[in-house]
Amino acid sequence: GPFDKAQVTARASAGEIRAETLVWMEGMPEWAPASTVPAVWEIVSAAMPSFDPNAYVLGTWESDRVQVPGWGNDVFLTATSRYGPGDRMTVFGEITGTMQGQPIVIDINGEGTFTTTSMTPDTFVITPSLTITMSAPGLQPVTERNSTPIRVRVVDDDTMVDSAGVHSRRVG
């Protein structure tokens, strides 16, 4: 930079400037994300290529290892989600750790469908409709439905982050 309006438009059209791209213009005390600078965001959002969240999520995504709320400080979830054609979705992973001094391993498997809804050019909601089964050696499997919407923001072509700060990375 600096870039004039035509250059910003061209870079946004090419996908080089996104909502999280840091920008600065005269009069600003510091750099800020493009989506927070109205004069820039007006140009960028109008020039950005249309975004299809359904096409974006197709593939296999691995999530960060996260602590399971309410299960103690040493219980973690790792999960992989596959979003496929026909809006089919599968989830698999495990909950591992220690509860009351005993090691635990709970397998998680789920399948169903999903929908996506665009919110902004880089934010969308994934709404699953899953049947999830949790099983552990020596215990009856537990099956439940999950249709909790997940708001996600696109970080780059292979990374998204949900509203709780959990990153998912494309692995296939």
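Residues numbered from 1 in each chain as written. Predicted model: local features only at pLDDT ≥ 70, side-chain atom pairs only at ≥ 80, totals over all residues. Heavy atoms only, no water.

Q: Sorry if this is basic, but what is going on with the packing of aromatic side chains here?
A: The description of an aromatic ring pair uses the distance of the two centres, along with the angle that the planes make with each other. Evaluation of the coordinates by the stated rule reveals 5 aromatic pairs. Ring centres of Tyr56 and Trp61 lie 5.5 Å apart, and the angle between their planes is 40°; this geometry places the pair in the tilted category. Residue classification places Tyr56 among the buried residues on the basis of a relative accessible area of 9%. Relative accessible area serves as the criterion here: at 1%, Trp61 is assigned to the buried category. Plain terms: the ring middles of Tyr83 and Phe114 are 5.0 Å apart, the flat faces sit at 80° to each other, and that makes the pair edge-to-face. Taken together, the residues Tyr83 in strand β5 (residues 75–84) and Phe114 in strand β7 (residues 102–120) connect sequence positions 31 residues apart. Judged by relative accessible area, which is 7%, Tyr83 ranks as buried. A cation over a ring is seen here: Arg170 above Tyr56, with NZ or CZ 5.4 Å from the ring centre. (Phe/Tyr/Trp six-rings, centres within 6.5 Å; stacked < 30°, edge-to-face > 60°. Buried < 20%, exposed > 50% of the residue type's maximum accessible area, 1.4 Å probe, protein only. Helix = DSSP H or I, 4+ residues; strand = E, 2+ residues; numbered from the N terminus. Lys NZ or Arg CZ within 6 Å of the ring centre and 35° of its normal.)

Q: Explain helix α2 (residues 38–47) to me, please; I cannot follow it from the model alone.
A: Residues separated by three or four positions in an α-helix point in the same direction, a consequence of the helix having 3.6 residues per turn. Every buried residue of α2 is accounted for by Val40, Trp41, Val44 and Ala47. End-on, the buried residues of α2 take up no more than an arc of 145°, which puts them together on one face. The exposed set on the far side of α2, more than 90 degrees from its buried face, consists of Pro38, Glu42 and Ala46. In this structure, the buried residues of α2 make contact with α1 (5–13) and β1 (22–23). (Arc of directions from axis to C-beta. Contact = heavy atoms within 4.5 Å.)

Q: I would appreciate a short explanation of the pattern of salt bridges in the present structure.
A: A side chain of one charge can pair with a side chain of the opposite charge when the charged atoms of the two come close. A complete count under the given rule lists 4 salt bridges for this structure. Ionic pairing is found between Arg169 and Asp64, a salt bridge with its closest N-O pair at 2.7 Å. Of this pair, Arg169 sits in strand β12 (residues 167–170) while Asp64 is found in the loop between β3 (59–63) and β4 (66–67), placing the two residues 105 residues apart along the sequence. Between Arg170 and Asp158 there is a salt bridge, with the nearest N and O atoms lying 2.8 Å from each other. With Arg170 in strand β12 and Asp158 in the loop between β10 (150–156) and β11 (159–162), this pair connects stretches of sequence that are 12 residues apart. Judged by its relative accessible area of 38%, Asp158 falls in the partly exposed class. (Salt bridge = Lys/Arg side-chain N within 4 Å of Asp/Glu carboxyl O.)

Q: For this particular structure, what's the right way to read the pairing of β3?
A: Where β3 lies against β5, 4 bridges are found, and the strand directions are antiparallel. Looking at the pairing, Thr60 lines up with Arg82 of β5. Taken together, the 3 bridges between β3 and β12 define a ladder with antiparallel strand orientation. Following the sheet pairing, Glu62 is matched in β12 by Arg169. (Pairing = 2+ DSSP bridges.)

Q: What is the right way to read the packing of α1 against α2 from this model?
A: How two helices sit against one another is set out by the angle between their axes and by the gap between those axes. Orientation of α1 relative to α2, taken along the N-to-C sense of each, is 45°, at an axis distance of 8 Å. Classified by the angle their axes make, α1 and α2 are oblique. Where α1 crosses over α2, the two elements pack in a sense that is right-handed. Taking contact as the criterion, the partners of Lys5, Val8, Thr9, Ala12 and Ser13 in α1 are, on α2, Ile43, Val44 and Ala47. Of the residues contributing to the contact of α1 with α2, the split by class is 5 nonpolar, 2 polar and 1 charged. (Axes fitted to C-alpha atoms, helices over the stretch in contact; angles between N-to-C directions. Parallel < 35°, antiparallel > 145°, perpendicular 65-115°, else oblique. Left-handed = near helix turned anticlockwise from the far one by under 90°. Nonpolar A, V, L, I, M, F, W, Y, C, P; charged D, E, K, R; others polar.)

Q: Would you explain the confidence of the model for the chain in this entry?
A: Detailed reading of the predicted coordinates is not advisable wherever pLDDT falls low. Across the chain, the average pLDDT comes to 91, with 99% of residues at or above 70. By mean pLDDT, α2 is the weakest element of the chain at 85, and β12 is the strongest at 98. (pLDDT = per-residue confidence, 0-100.)

Q: Can you help me understand the pairing of β10 in this one?
A: Regular strands show a simple pattern: their side chains alternate between the two faces of the sheet. Summarising the sheet, strand β8 (residues 123–135) and β10 pair through 4 bridges and their orientation is antiparallel. If you follow Val125 over to β10, its bridge partner there is Arg151. Two elements, β10 and β11, share 4 bridges in a ladder whose sense is antiparallel. Among the inter-strand pairings, Asp156 is bridged to a residue of β11, identified as Thr159.

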